[in-house]
Amino acid sequence: MPDSPGRLPLLADRAFRAVTALAIVDVVAFLVQEHTGPLWPEPVNWLLLIAVIAPTLLLCRRVRTDPASAPVVRRYWRTVELGISLFVGVAGLRIAAGLGAPGWLLPVSVALHVIGGIVLTWPLVDLPFGARGRARRAGVWLDLGTLSAAAGLLIWHFAASAQFAGGRVTVPGVLSAIAIMGAGLNGVFLGAKVVLAGVDSFARRGLYWIGASALIGGLGSAIGFLHPHQPDGNLLVLVLPLAAYAAAVGARLQMVETAAGGRRQRTPHGYSLMPYVGIAAVLAMVVYHNIGGTTNGILIDLVAVGLTALVVVRQLLAFRLNDALLARIGVQEKRFRLLVQNSTDMVTIADPSGTLTYASPAARKVLGVDPDDMIGTDLALRIHPDDLAAVTERLTAVAAAPGNTATYQVRLRHADGTYRSLDVISANLTGEPSVAGIVSNARDITETREVRDRLSYEASHDMLTGLANRALFGKRLAAAVAGAGPDQPVTVVLADLDDFKIVNDRLGHATGDALLVHVAERMRASVRPTDTVARLGGDEFAILFDGAVGADVDQVLTRIATALLEPAVIDGEPMTVRASFGVVDGRGGDDAGDLLRQADIAMYEAKERGEGGYERYQPGMEARGAERSRRTAALHTAILDEQLVVFFQPVVTLPDGRMTGAEALVRWQHPTEGLLGPGAFIDTAEQSGLIIPLGTWVLRAATREAASWPAHLTVSVNVSARQLREPGFPAIVAAALRDSGLPPHRLTVEITESVAVGGGATSDNLQGLRDLGVRLSLDDFGTGASTLSLLATCPVHQIKLDRSFTPDGGSDAIATAVAQMARAFGLEAVAEGVETAEQAARLTELGYGRAQGFHFARPMCAADLRGRFDDVVAAAPGS
């Protein structure tokens, strides 16, 4: 018995070698005794049967206890083990009877023999057929009928008919013939069913030997018990060891198949050879009858005719099954063809050289090409040049051996000249005759890839300017310092636009955004392609110079600053912008976070200088930055602890110098530095945002003090641009007036020209203040965007001439123009910075009705101001 490659050899098992040897000894001993007579007493033959059964039981036990075997397999071999064990009892009873035991033991052994046969037969009856469907099951039953008819003829002719030798028909003879026919047909049926069984868990070759065991045991036992012409020896001592050996072979084959990791799935056939074996046997009987003549000629002819009819029916059924199969194949083929034709995925087949032999209709949608025009062409001609090398490598690996597969992405040229991105799976099916090529299934992912690329771009770039954003700049900076050597320079620049908030406030965010785009374009045009320009947020930009340092960077920054100062037309107006740059020179291995922090410190140094330009980081700048932080914390504490005080500078009439009110000016009574003027802390308040709580504190303190003054006196309070941008600022002013009891018309809010031209919340807040009844004053007039349109649109009541334009012996043209504009618009004109009597006299001549300055009074505390209320005239012109 040959073994399949990859499986353990049958004879590798010691128990199986032993049962094989014992079976051979048993057969040889039986044949020798048929010719020479008994070699030993009859009980010895039955001992040989026990010897064959013992290793067979061991093999059955191994299968039923093997955890790798399926449960149905273990249950079957458990039953076989039980049935074979009963035959040990049969042999024991036969041995006892042969040694002179009572005669009733022989009938008991026969009964035990029959029970053992039933136990071994039952699990075979329970095995299912492998056929699926009504027609196939009918075909199996026809095959079984054909085989059973042929077997019945053979059993009758060679075994059962002997019961009627000499023409005698007796009851015992009829019963014996029936038993022989029944046992024989049952054995044939069981053997055939085992072969046709559909239990995939059993080893196919093992099932054949199980069927042989059933046929040998069943038919051989019937003949051994009932045939009138027995051999000289007992036929059972040959039949039973052979049946046991067949079961041992089946058990061993099951173990071999299980150890090999499962058996190969058998390719199902639409036919069986067993019926043809039966037909061949019957035809041989016909020939035998015609040559030698037999007493069963009519029976043989009837069986032959019946088998012919069964074969015709079986053939017609096979034709029907074939027609149904062809129809099903046709439907499936049409279904798959429609699926391929209507699929959005493009399917191609190419030979190993890359020449296309098939292209699905989807090629028209994916590539805009007729599929027939692609046949015979090389798909590589359509691959994007950047993808060609990688795709060629993948396809070469696929073509190396049948069964190889690869997944990859490729860009193929569309008929319109663009490239489509495809996700491709290629499989080598050259070993399949129906395909004989490399099959590729390609899905168009162009839109998906574009969305992914867009999302990736948006995650790493500023959507307004198209520059790198903070995240991408951080990654590139980290990569630069990680990849650079210790001596390779890495320069980081942070840039902040000066007074950009004023642009937003005056002209709106749309104009501010347009200005940011303009700045980004100028910066990008001034650097090298290898440098990175980023917008970190708001009006803050960054530049990464990889490999540039010192004078080269300075030259680029000078070029950027010059480009920004060149007027650019934005929303119809020429605009320029100034930026402050902080520069830090790093090296490979530096910490990226430290470089950004140091560049930020340098940028604030440049910004504090107030002239734009750049400042290179130097050791010690952290101390100044720390000083700014300390100053901010101290100012915050001063607001909370009320270390601030309000001074007042009187405003008087011209020419008589009568006090009409005072301007509130904040001072800081520092615990260690003494009284500090606004120049020492207002910038800190503006940069830190503390200007809002600081301004609110001054407003409430000034209104509270002014409420105690005579009813004809007013108080002026300066308000910053940051305060006026805050939503709800009029409500803050209203609350201060309500809490202090000061009437709104006695409060004047002073704003600068740059604040007055702001839009959005600033304009709304100015109108809200006017609606409250609060007076508005345009402070430092003449230093900012002083235009006639400003006076016409801004809802102010008063303009204050900046101290720099107060006449001082030189030209007084601006002071004259301001006075004339005030009269023209019906506004009150106030002059600041009056320090001499001559200035006061000249301002009176120009038409100014009010003034303030050191000539009249210096800023003073509230108590000193109250002491002057009795002095109607502070100082007269010329006094």
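On a predicted model such as this, the values are computed, not experimentally measured, just so you know.

S.K.: Could you give an account of the sheet that holds strand β6 (residues 489-497), with specific residues and numbers?
M.R.: Read across the open sheet, the 5 strands follow the order β7-β8-β6-β11-β12; overall the sheet is mixed. Strand pairing shows two members of the sheet lacking a second neighbour, β7 (532-537) and β12 (613-616), which therefore form its edges. For this sheet the average axis-to-axis angle between neighbouring strands, irrespective of direction, equals 25°. The pairing of strand β11 (residues 579-587) with β12 spans 4 bridges and is classified as parallel. Bridge pairing in β12 places Phe581 opposite Tyr614. Relative to the sheet, helix α15 (residues 470-483) contacts β6, β7, β8 (540-546) and β11, its axis offset from that of β8 by approximately 25°. On top of the sheet, helix α18 (residues 551-565) reaches β6, β8, β11 and β12; it is set at about 165° to β11, its chief contact.

S.K.: Report on the packing of aromatic side chains, specifying residues and quantitative values.
M.R.: Summed over all chains, the structure comprises 4 aromatic pairs. Between the aromatic rings of Phe648 and Trp709, the centroid separation amounts to 5.2 Å while the plane-to-plane angle is 75°, which identifies the pairing as edge-to-face. Of this pair, Phe648 sits in strand β13 (residues 644-653) while Trp709 is found in the loop between α22 (691-706) and β16 (714-718), placing the two residues 61 residues apart along the sequence. A relative accessible area of 1% means that Phe648 is categorised as buried. Judged by its relative accessible area of 6%, Trp709 is buried. By the ring-pair criterion, three or more aromatic residues cluster together here, those being Phe648, Trp709 and Phe869. Sitting above the plane of the Phe854 ring, Arg858 keeps its charged end 4.0 Å from the centroid.

S.K.: Tell me about α15, residues and numbers included.
M.R.: An α-helical segment advances 3.6 residues per turn. Residues three or four places apart therefore align on the same side. Its 14 residues give α15 an end-to-end C-alpha distance of 20 Å, which sits within 8% of 20 Å, the value for a rise of 1.5 Å per residue. Close packing links the buried residues of α15 with α14 (446-460), β6, β7, β8, β11 and α19 (592-609). With a side-chain oxygen lying 3.2 Å from the backbone nitrogen of Ala471, the N-terminal cap of α15 falls on Asn469.

S.K.: Describe in detail the pairing of strand β1 (residues 346-350), supporting the description with residues and values.
M.R.: Regular strands place their side chains on alternate faces of the sheet. Counting buried positions over the 5 residues of β1 gives 5, a clear majority of the element. Of the two faces of β1, the one lined by Met346, Thr348 and Ala350 and the one lined by Val347 and Ile349 are each fully buried. With 5 bridges connecting them, β1 and strand β5 (residues 438-444) associate as antiparallel partners. Note that in β5 the partner of Met346 across the bridge is Ala442. Bridging between β1 and strand β2 (residues 356-359) involves 3 bridges; their strand directions are antiparallel. Looking across to β2, one finds that Ala350 is bridged to Leu356. Where β1 folds back on β2, the antiparallel hairpin that results is connected by 5 residues, among which Gly354 adopts a positive phi of roughly 105°.

S.K.: A description of the side chain of Asn428 should follow, citing residues and the corresponding values.
M.R.: Mapping Asn428 onto the fold places it in strand β4 (residues 419-428). Each residue touching Asn428, except ones within four places of it in the same chain, is listed here: Val398, Ala399, Ala400, Ala401, Pro402, Gly403, Asn404, Gly437 and Ile438.

S.K.: For unusual backbone geometry, give the residues involved together with the corresponding values.
M.R.: For residues that are not glycine, phi is negative in most cases, and the peptide bond is trans in most cases. A cis geometry characterises the amide bond from Leu654 onward to Pro655, with omega recorded as 10°. Considering the arrangement of structural elements, one finds Pro655 in the loop between β13 and β14 (659-670). Non-glycine residue Ala436 carries a positive phi angle of around 50°. Within the secondary structure layout, Ala436 lies in the loop between β4 and β5. Here the phi dihedral of Glu642 falls at roughly 55°; this positive angle occurs in a residue that is not glycine. Tracing the backbone shows Glu642 in the loop between α20 (621-640) and β13.

S.K.: Go over the sheet that holds β2, please, and point to the residues and values.
M.R.: The 5 strands lie next to each other as β2-β1-β5-β4-β3, forming an open sheet whose pairing is antiparallel. The two strands at the open ends of the sheet, each matched to only one other strand, are β2 and β3 (405-413). Each neighbouring strand pair of the sheet contributes to a mean axis angle of 25°, computed without reference to strand direction. As defined by bridge partners, β4 adjoins β5 across 7 bridges and the pair is classed as antiparallel. Counterpart to Val424 in the pairing with β5 is Ala442. Here helix α13 (residues 385-399) sits on the sheet in contact with β3, β4 and β5, set at roughly 150° to β3. This element, α14, spans β3, β4 and β5 of the sheet and lies at about 120° to β4.

About the thresholds
Residues numbered from 1 in each chain as written. Predicted model: local features only at pLDDT ≥ 70, side-chain atom pairs only at ≥ 80, totals over all residues. Heavy atoms only, no water. Pairing = 2+ DSSP bridges. Helix = DSSP H or I, 4+ residues; strand = E, 2+ residues; numbered from the N terminus. Axes fitted to C-alpha atoms, helices over the stretch in contact; angles between N-to-C directions. Contact = heavy atoms within 4.5 Å. Phe/Tyr/Trp six-rings, centres within 6.5 Å; stacked < 30°, edge-to-face > 60°. Buried < 20%, exposed > 50% of the residue type's maximum accessible area, 1.4 Å probe, protein only. Lys NZ or Arg CZ within 6 Å of the ring centre and 35° of its normal. Expected span 1.5 Å × (residues − 1). Polar contact = N/O pair within 3.5 Å; in protein donor to acceptor, adjacent residues only side chain to side chain.

Read these as spatial facts, not as claims about activity.
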